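Chains, contacts and geometry: an overview
Spelled out from the first residue to the last, the chains are:
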Amino acid sequence: MVHVAPSSHLPRLTSKDEFLAFADQATQRWDELWAGDKVVVSVGVGSSSIAKGALDVLARCRQELGNSAVVREVSGNGAFWMEPWIEVKHPGAPPVVYGPLSTNDVPGVLTGARQDLAVGVRGDTAHNGIPPLNEHPFFKGQHQLLLRNSGVIEPDSIEDAIARGAYRGYFKVLFEMSQEEAIAEVTTAQVRGRGGGGFPAGVKWESGRKARATPKFVACNSHEGEPNVYKDRHLHESDPHRILEGILIACIACGAERGYNYIGGEYPLGIRRFRKAVADAERLGLIGKNILGSGKNVAFRVRTGGGAYICGEASAMMYSVMGVRGQPRTKPPRSVEEGLWKRPTVANNTETLANVPDIIVNGGEWYAKLGTENSKGTKLMTNQGPMNRMGVVEVEMGMTLNSLFNDIFGGMREGYTFKGVQTGGVSAGPLTKDHLDIPVDFDSLGDVGGMLGSGGWVIFDESVCVVDFARYLTAFNRYESCSKCVPCRLGNPALVEILDRIRFGRGTLDDLALIKRTSKHVIELSLCGLGQVAPVPLLGMIEHYEEEFRRHIVDHVCPTGTCPISATEPAPALAAD
Amino acid sequence: MAHAEQAHVTLPVPAPFTGRQEIDLDVVRELVSHIHYSDFEEAQELILAALQEVNEHFGWVSPEAARIVAEHLGTTENRVYGLLTFYADFRTEPRGHHHILVCHGMSCYVQGSQRLVQDLSDTFGIADGDTTPDGELSVQVVNGCLGVCDRSPVVKIDDSFHGPVTSEQLNDLLQRAIAGRQAFTAEEGTDGSRRAK
């Protein structure tokens, strides 16, 4: 998988004009495809839809249609609830999306007999009584910038991407802007780091540009190992060129000679599509020496992780890129002073960098109009749990949790009652029913013990025991601790042990105080971000659901019947792990 | 949901015995020979990539294979082994004929993935990372997420996802997978079919 071949028909572009001509050609081809007299069928293929049989659907479409139609392999569009889906465009009619369907539904959908499976028209007006997709509650509340191309372009085709506007920002930075101007746009946009920290990207870039040591690097952190977040995976699968363009812009703006993208090993499809994007861009001459005759050089490397959550931490990520165990180090020096190979390295999250192309093209002021006072722009959100609609969505900052959960995700599934939502992956506390009118942005959630983090929401219902859930979250951190520093290595197992005591009915009220004391040690003494927040979910659970913990301890009852305490037979001596 | 009902109908396709448990060192040499580097730094960056190639091909990395990777990239076996034991994706023991991934993401957890792990251990005697003595099954608990959250709890047997599954259904799927492979090896090559009867 290290080598992915580029498309062989791509020319090598050596000047500004050649690029513009190529872009015009691509746009023309794109328009002809949609205005042509052939049927165009697109199948949404992403990791989540493959698991539901999208590849079989694709094969069936090819078998049914042969050469009579154009069959395209696009990515998923974020709406997991309608997968596998296909989009059929007959000449003279707008494209209509159908789903969820099985392979046997394919012939019916292609002939138009199965209108009952239609979800919506991709376009602005209704067609044959089918409403536009954008009117569907899942899409209506969204504001799609990063997801604009997902489910629309073929991720393996650089021409599709260019036809839809890719590499225009890069072009601008290469020929029309100075480094300072490019960074000024990002600063004006006030785009904050999307990986969880919320650090302003423009400030980081400026210190990267000013760093005197050379060579410099830009590293894109695409390692999301959190058990409930799949936004970066979706971006890689749906629009790899947007990420690549963002990294290349950062390289030019900061004067870096090489860009890196560190992708978690969990999503092979995303890695393959991104490698293809890099290979195509290299062949086209967008990466390499003297890019499009501008005299500027950028090299690019893709590196993959091996399933260690800690490698999402910036310094651990860099160690992992350098081929050692991913264990964080103390800061300072920060990575912009001493990062990869002890050189200045600007490290940004994938989503942050994916925002950059639009900011450069449309200007920082345009971007700063989106979102709230201190959190600009849009944010990708993912959800998990018993909700009606699952998927990746992109909403403007400042939307309330209520409208996110109830309008976009469609509320709780029948038979489930909302109990709470775990925020910020495994690094922040839960929120309860009372908090649902809070706007989603970097700061508001922090006030009530939650966190925007990377935008993953785990909704849990009344059948979930919070003690058990808190144990899961703590056990996750115990497992993922890199074992470098003592508080995290010993503190997390100790917390799990206390929780097990409670789950098995041997807890005492002192244990709650002990949890708080131990957590304080772990939080204050740990070296990196993982340890510093590891006990926070547990503390949040105790804060919001103390009554339930007390029921376990005092009454020896697990109200939901999940914990071993409620088993009729005597509990085994050790916790099942 | 329509898919939830269909999920259990498909039989997993039992993989024929490929002999991949034994690592052919010539194949490892062939795999790493495609990995080129221009300087010492780049060679170090490629250690993980080389190990991933081997791990993906054979399902695990043996000490001998690790030595070849180390020699090719000009580093020590020690260093390579340090990486193998740190990163969760690598296995240092052979897989079974059927490899089961049990998703342990939050969504799967709250819908009972812990029970699946427990039952695998009760029925087949295998915990996370183990292989049954007859080499039929191996199991890995994915501490992250398989990304098929709307079908939780989800398991991946070889190349196919199944979910939502109960313990009984998982047990049934595995029994059929084992029976299917044994039937296949018994009439090896007669009809070329990989599907269980």
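Cut-off values and rules
Residues numbered from 1 in each chain as written. Chains lettered and ligands numbered in written order. Predicted model: local features only at pLDDT ≥ 70, side-chain atom pairs only at ≥ 80, totals over all residues. Helix = DSSP H or I, 4+ residues; strand = E, 2+ residues; numbered from the N terminus. Contact = placed C-beta atoms within 7 Å. Domains from an automatic or database assignment. Nonpolar A, V, L, I, M, F, W, Y, C, P; charged D, E, K, R; others polar. Expected span 1.5 Å × (residues − 1). Axes fitted to C-alpha atoms, helices over the stretch in contact; angles between N-to-C directions. Left-handed = near helix turned anticlockwise from the far one by under 90°. Core = buried A, V, L, I, M, F, W, Y, C linked by C-beta atoms within 7 Å. Buried ≥ 20, exposed ≤ 12 C-beta atoms within 10 Å, placed from the backbone. Pairing = 2+ DSSP bridges. pLDDT = per-residue confidence, 0-100.

1. Description of the overall build of chain B
Check the secondary structure of chain B and you find nine helices and four strands. Ordering the α and β elements of chain B from the N terminus gives α-α-α-α-α-α-β-α-α-β-β-β-α. Of the contacts formed within chain B by residues at least 6 apart in sequence, a portion of 64% connects residues at least 24 apart.

2. Focus on the domain arrangement of chain A
Residue and element names in this part refer to chain A. By domain assignment, chain A separates into domain 1 (37-140), domain 2 (158-368), domain 3 (378-461) and domain 4 (466-566). On a C-alpha basis, the centres of domain 1 and domain 2 stand 33 Å from each other. Taken together, the five residues of domain 1 in the interface contact six residues of domain 2. Looking at the side of domain 1 that touches domain 2 residue by residue, the class counts come to no nonpolar, five polar and no charged.

3. Notes on helix 11 (residues 240-254) of chain A
The end-to-end C-alpha separation of helix 11 of chain A is 21 Å, in line with the 21 Å expected for 15 residues at 1.5 Å each. Phi turns positive, to about 70°, at Gly255(A), one or two residues after helix 11 of chain A.

4. Considering the packing of helix 20 (residues 510-525) of chain A against helix 22 (residues 536-544) of chain A
Residue and element names in this part refer to chain A. Packing of helix 20 against helix 22 brings their axes to within 10 Å, and their N-to-C directions diverge by 145°. When you trace helix 20 past helix 22, the crossing you get is left-handed. Contacts between helix 20 and helix 22 pair Leu512, Ile515, Lys516 and Ser519 from the former with Leu538, Leu539 and Ile542 from the latter.

5. Considering the domain arrangement of chain B
Assigned domains within chain B: domain 1 (25-86) and domain 2 (95-186). Placing a centre on the C-alpha atoms of domain 1 of chain B and another on those of domain 2 of chain B gives a separation of 29 Å.

6. Considering the interface of chain B and chain A
Contact with chain B, which involves 36 residues of that partner, is made by 43 residues of chain A. Counting only elements with at least two residues in the side of chain B that touches chain A, the list comes to helix 1 (2-6), helix 3 (40-45), helix 4 (47-58), helix 6 (77-86), helix 7 (106-110) and helix 8 (113-124) of chain B. Ranked by residues supplied to the side of chain B that touches chain A, first place goes to helix 4 of chain B with six residues. Looking at the side of chain B that touches chain A, its residues break down into 17 nonpolar, 13 polar and six charged.

7. Structural notes on the nonpolar core
Counting 226 residues, the largest nonpolar core has Ala219(A), Ala250(A), Leu51(B) and Val69(B) as its most contacted members. With residues up to four places along the chain from it excluded, the contact list for Ala219(A) reads Tyr260(A), Tyr262(A), Met317(A), Met318(A), Val321(A), Gly339(A), Leu340(A), Thr345(A) and Ala347(A).

8. Some remarks on the sheet that holds strand 10 (residues 378-384) of chain A
Residue and element names in this part refer to chain A. With mixed pairing, the five strands of this open sheet are ordered in space as 11-10-14-12-13. Where the open sheet ends on each side, the last strands, each with one partner, are strand 11 (392-396) and strand 13 (430-431). Sheet analysis places strand 10 next to strand 14 (residues 456-461), joined by three bridges and oriented parallel. Residue pairing for strand 14: Thr382 is matched across the bridge by Gly456.

9. Quick look at helix 9 (residues 201-210) of chain A
Within helix 9 of chain A the residues assigned to the buried category are Ala201(A), Gly202(A), Lys204(A), Trp205(A), Glu206(A) and Gly208(A). Buried residues in helix 9 of chain A make contact with helix 8 (179-189), helix 11, strand 9 (345-349) and helix 14 (350-362) of chain A.

10. What to know about the sheet that holds strand 2 (residues 137-142) of chain B
All names here are of chain B. The strand order 2-1-3-4 describes an open sheet built from four strands, whose pairing is mixed. Both outer strands of the open sheet, strand 2 and strand 4 (160-162), are each paired with one neighbouring strand and no more. Strand after strand, the sheet turns through a mean of 25° between neighbouring axes, direction not considered. Pairing geometry for strand 1 (residues 98-103) and strand 2, over six bridges, is parallel. Counterpart to His99 in the pairing with strand 2 is Ser138. Running at roughly 145° to strand 1, helix 8 makes contact with strand 1, strand 2 and strand 3 (155-157) of the sheet.

11. Looking at the environment of Ser8(A)
Residue and element names in this part refer to chain A. Along the chain, Ser8 falls in the segment before helix 1 (16-35). The exposure class of Ser8 is exposed, given the 6 C-beta atoms found within 10 Å. As a C-alpha pair, Ser8 and Asp280 span 272 residues in sequence and 8.9 Å in three-dimensional space.

12. Details of the confidence of the model for chain A
Mean pLDDT over chain A works out to 92, with 98% of the residues at or above the 70 mark. The element-level mean pLDDT for chain A is lowest in helix 17 (residues 444-447) of chain A, coming to 86, with helix 11 of chain A highest at 97.

13. Structural notes on the pairing of strand 3 (residues 86-89) of chain A
Alternating positions in strand 3 of chain A separate into two faces, Ile86(A) and Val88(A) on one and Glu87(A) and Lys89(A) on the other, with burial throughout. Hairpin connection from strand 3 of chain A to strand 4 (residues 96-98) of chain A: six residues lie between these consecutive antiparallel strands, with Gly92(A) at a positive phi of about 80°.

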